[in-house]
Each structure stands twice: as structure tokens, then as C-alpha cells.
Amino acid sequence: MAKAHVVIVGSGFGGLFAAKALAKEDVAITLIDKTSHHLFQPLLYQVATGILSPGHIAPSTREILRRQKNVRVLLGLVEDIDAKSKTVIWRNHSNRYHTDYDYLVVATGAGQSYFGNDQFAKFAPGMKTIDDALELRARIFGAFERAELEEDPVKRRRLLTFVVVGAGATGVEMAGQIRELASRTLKNEFRKVNPENARVVLVDGAPTPLPAFGEKLGGVTRKELEKLGVEIRMNQMVTDVDADSVTIKDKDGNTEVIESICKVWAAGVKGSPLGQKLAEATGVELDRAGRVKVNDRLQVPGFEDIYVVGDLMSREGVPGVAQGAIQSGRYVAKAIITKLSGGEPTPFEYWDKGSMATIAKFSAVASIGKVKFHGFPAWLSWCFLHLLYIAGFKARVGTLLHWLISFLSNGRSSRTTTNQQLVGRLALERFGSGASGKLLRGEDLNLDGKRS
């Protein structure tokens, strides 16, 4: 009798933990993803600000799963799902493949949402991929380099003004790190400009930073950021973004234009495009963010062989954080095992292990149930937890060593930037909206990078 075939789409927390939870089971697993790595997304901001290199938070998926004999890892872009014939349609370069499944786990995550203003992405990159982080690194460090050469004080001020949109965990961490980078790491490295004079502005429509952490910790976060020198603009919405500025509007309708070359977008998420394909194939409902509304067993209603986990999953009470993806991935693996043995899985129950966010070196906030704390103890807890979930021993050791360099000396050992990092995304956009798919299909580009 043939083994049950489990196809997992996506190598993030949900997909990876689902695959690992099936390691000892008598099933055949095929894991398909458009990237060759597993991304530890919560630490992307540290790649963007020169603390870590991409390899520390994005180890090879093949390396992670190399000892798991029942899984095959394939690099490809899943384009469609045929739910009736139980087939996944995907591409790699010019080749198109059809892979049949007995059980399908969709774990393709979420991307950045610009709330209908996708044109903002050209001027304010998000923070969802390694490419995003490397582009932002080039933009941030490049702004200081250009300021050193700029004779016009108005233009120099514009170059040294950094605007972070979104005061959730990513936005707070990014604003804090840019401020520390300017005031500590780059101190005394320039001769014409003083990096300490850089202006960092954090904008959000919520009343306090980190609204999910509660009013108390939000207030603590605001005070700590202001102590660092970050300008806080709460209850204000971004209405326009262009190459040189950000326009914001407060609740009274008053507008302000902040001149800035370097912007970071950390507000809002939307489900991956595969969610829409799944909706077309099954009729499943999507929420406002394009995430798939699953039942209490994380299945697509009416299709017991299709599961959706992680950030692409829309389930009340389950936040779009790493723990949600990890727990849903593990649950689905156990559900498949139960079904194969003839049983019926119990409904999924999310265990809220709390939330943590760093503000600056030695400063963080943590909310674990009714326990809320901040400062150095929260920072140590944050460090321990994040080290624990980084995949691979080498990545953990490397991350720890780089943290020691950064935290003890203010130095950052991963500051290298290239022009390719800076302009790569804009170059891809010249191919049109399907650029990433075209590259995986081998279209438009030869191996030397020239247009066909």
C-alpha cells in the first residue's frame, strides 16, 4: 500500500514545524517553497540594521531537514491548486509541474499591506523578506553616506530623517535600532556630518506604540523611545508617500509633510496570493486581509484534506505571530496522523505564550498572560526566547556571537551593502507584477542577468 503523500507549501514556521512533526511517521512529504531558506522573520530588522547577516536568520531548508528521510524539499513557485483532482501546480524556471497530494498544508504566510496604496512600496519598503531587509540596510547606511557628501543643508537634513510607519513590534524595534545606530554605532565615523543629529520619526494611527501589549506597556515603550530621541506621532495616519517625503494627517484633519529620503513600512499585513487561488479553487471565504478563514480543525471548509496554517490562516483568537504558526503547524501534523489511524482530531486550541518586543539595547517589554514587565529582565527573556527558536545550532551560535559584539561594543559586524541590494527590487519591477514568478520560470533573464 502506498504511503500517504503530504504536500506542504511554504517553509516558514508553519510549514517547517508541520514537516518536522511528521518526521517519525510512515508518510511521504513534499515541501515546496519559492525560497531555499527558512526565514526567522522576527529578526529581520537586525539584518536591516547591520547586527546580523542573512545566514543567521535564514538557514537552508535542505540543511535543516537533511536527516529527515521522509521529506523531499523542492524549490518552486506554487501557482495554483486543483482541489478536485487534489493537485498542486507549480513552476521552477521554464518547467511546470503537477504534484498530487493526499493531504495539503498551505503555509505561504503573509506579505506587507499598504492598505490599497501599493504605490507606496516603491518609496517605503516593508519588512517581510531577506530582500526587504537587505534593501533597507542599503537605504539606511546609504543615507548617511550621501549626507556626508551633501553640501545643501536642506537636502542633508532630508537624508538624515528616517520615518518608520507602524508602531507594532517591528516598527518599534526598527525605530529603536535606527536611533541606536545613529547615536552609538556610527559615532565618530563621519567628518562632515554628525550621525547623532539624525531624526527618527515613528508614525501610527493607534494612540500608543505596541497597542496589542496594552496601555501600560505602550506608555513604557513611548517613554523609552522618546528617551532615545525617537519622535512619536500617534493618532496620525499616512496619506501619501513619495521619493522625498511622507504626508501624515491627525484625527482633526491637520496634515504635515515630513521630508525624508529613507522610509520603512511596518504597518499591516495581507495574505499571500495563494490564498486567493485557494478561494477560487474551493470557494473558501477570505478575511479583509486576504487570509483564509479555516474551521476549528484548521481545514478549508468542505475540504478535509486541505489545511491552512500560519499567517495565511484566519482564525479568531490566533494572532499572526511565530507561535501561532508553530502551534498550528504542529497541530495539523498530529491531525493528519490521527486521521490516518482512523480517528477524528480534536479542535485546535491556541496557547498564548505572550508577546515580547525590544525597544533598544537592554530594554524590552513583555506581556505573558497577566504578567507584564519591562526593562532588562524583559530584554533577557526576549534574547533567550529568540535564540531558542532559531533553527540550527550554527545559526544560534553565530547569532549569539554577533549579539555580544553589538551589545557589548556598540559595533555591528554585518554592515556591508551593495548597489544591487539597493536597486534590485526596482529592477525586478521593470519586468511587471509577475517578476518573481518570471525569474523562477527562467523568463526575461539569462543566467548572466541580462534581458533575453
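Residues numbered from 1 in each chain as written. Predicted model: local features only at pLDDT ≥ 70, side-chain atom pairs only at ≥ 80, totals over all residues. Heavy atoms only, no water.

## Re the environment of Thr418
Then comes step 1: The topology assignment puts Thr418 in the loop between helix 12 (393-409) and helix 13 (419-429).
Then comes step 2: Put simply, Thr418 and Met356 are 62 residues apart on the chain and 32 Å apart in space, counted from C-alpha to C-alpha.
Then comes step 3: At 3.2 Å, the side chain of Thr418 and the backbone nitrogen of Gln421 are in polar contact. (Helix = DSSP H or I, 4+ residues; strand = E, 2+ residues; numbered from the N terminus. Polar contact = N/O pair within 3.5 Å; in protein donor to acceptor, adjacent residues only side chain to side chain.)

## Digging into the sheet that holds strand 21 (residues 355-360)
Then comes step 1: In spatial order, the strands read 21-22-23; together these three strands make up an open sheet with antiparallel pairing. The strands lining the two open edges of the sheet, one partner per strand, are strand 21 and strand 23 (371-375). Each strand axis lies, on average, 10° off the axis of its neighbour in the sheet, ignoring direction.
Then comes step 2: One ladder, built from five bridges, connects strand 22 (residues 363-368) with strand 23; its direction is antiparallel. Among the inter-strand pairings, Ser367 is bridged to a residue of strand 23, identified as Lys372.
Then comes step 3: With respect to the sheet, helix 8 (residues 215-228) is in contact with strand 21, strand 22 and strand 23, its orientation differing from that of strand 22 by roughly 170°. (Pairing = 2+ DSSP bridges. Axes fitted to C-alpha atoms, helices over the stretch in contact; angles between N-to-C directions. Contact = heavy atoms within 4.5 Å.)

## With respect to the environment of Asn410
Then comes step 1: Structurally, the position occupied by Asn410 is in the loop between helix 12 and helix 13.
Then comes step 2: Put simply, Asn410 and Arg96 are 314 residues apart on the chain and 49 Å apart in space, counted from C-alpha to C-alpha.
Then comes step 3: Apart from the residues lying within four places of it in its own chain, the contact partners of Asn410 are Arg184, Thr185, Lys361 and Ile405.
Then comes step 4: For Asn410, the side chain forms a polar contact with the side chain of Lys361, separated by 2.5 Å.

## Notes on the pairing of strand 22
Then comes step 1: The buried fraction of strand 22 is high, at five of six residues.
Then comes step 2: Across five bridges, the pairing between strand 21 and strand 22 is antiparallel. Among the inter-strand pairings, Ala360 is bridged to a residue of strand 22, identified as Ser363.
Then comes step 3: Between strand 21 and strand 22, which pair antiparallel and follow one another directly, the connecting turn spans two residues, one of which, Phe362, has a positive phi of 70°.
Then comes step 4: Remark: two residues form the turn of the hairpin made by strand 22 and strand 23, two consecutive strands paired antiparallel; Gly369 in that turn has positive phi of roughly 65°. (Buried < 20%, exposed > 50% of the residue type's maximum accessible area, 1.4 Å probe, protein only.)

## Here we look at the packing of aromatic side chains
Then comes step 1: If you walk through the whole model with that rule in mind, you get 14 aromatic pairs.
Then comes step 2: Ring centres of Trp90 and Tyr97 lie 4.5 Å apart, and the angle between their planes is 20°; on these two criteria the pair is classed as stacked.
Then comes step 3: Taking the relative accessible area as the measure of exposure, Tyr97 reaches 34% and is therefore partly exposed.
Then comes step 4: Arranged with centres 4.9 Å apart and planes meeting at 75°, the rings of Trp379 and Phe407 form a pair that is edge-to-face. With Trp379 in helix 11 (residues 376-389) and Phe407 in helix 12, the pair connects residues that are 28 residues apart, well separated along the chain. No difference in accessibility class separates Trp379 from Phe407, as the two residues are buried.
Then comes step 5: Put simply, the rings of Phe362, Phe376, Trp379, Trp382, Trp403 and Phe407 pair up and form one aromatic cluster. (Phe/Tyr/Trp six-rings, centres within 6.5 Å; stacked < 30°, edge-to-face > 60°.)

## Some remarks on the UniProt feature "domain: FAD/NAD(P)-binding" (unreviewed entry) in the protein
Then comes step 1: Those places that UniProt annotates as "domain: FAD/NAD(P)-binding" (unreviewed entry) correspond, in this numbering, to residues 5-329.
Then comes step 2: Annotated as residues 5-329, this span is 30% helix and 28% strand, and its ends, taken at the C-alpha atoms, are 16 Å apart. (UniProt positions renumbered as here; feature names shortened; annotations may be inferred.)

## A look at the packing of helix 5 (residues 130-149) against helix 7 (residues 169-185)
Then comes step 1: At their nearest, the axes of helix 5 and helix 7 sit 12 Å apart, and the two run at 35° to each other. Here the hand of the crossing between helix 5 and helix 7 comes out right-handed. Within the contact between the two elements, helix 5 uses Ile140, Phe141 and Phe144 and helix 7 uses Met174, Ile178, Leu181 and Ala182. (Left-handed = near helix turned anticlockwise from the far one by under 90°.)

## Considering the sheet that holds strand 18 (residues 299-300)
Then comes step 1: With mixed pairing, the six strands of this open sheet are ordered in space as 3-2-1-7-19-18. Only two strands of the sheet have a single partner each, and these edge strands are strand 3 (71-75) and strand 18.
Then comes step 2: Relative to strand 2 (residues 27-33), strand 1 (residues 4-9) is paired through six bridges, and the arrangement is parallel. Each bridged residue has a counterpart across the sheet, and for Ile8 the counterpart in strand 2 is Leu31.

## Looking at the pattern of salt bridges
As a working rule, side chains carrying opposite charge can pair if their charged atoms are close by.
Then comes step 1: Throughout the structure, instances matching the rule amount to 18 salt bridges.
Then comes step 2: For Arg297, the salt bridge identified is with Asp296, shortest N-O distance 3.0 Å.
Then comes step 3: Sharing partners across several salt bridges, the network here consists of Arg199, Glu231, Arg233 and Glu256. (Salt bridge = Lys/Arg side-chain N within 4 Å of Asp/Glu carboxyl O.)

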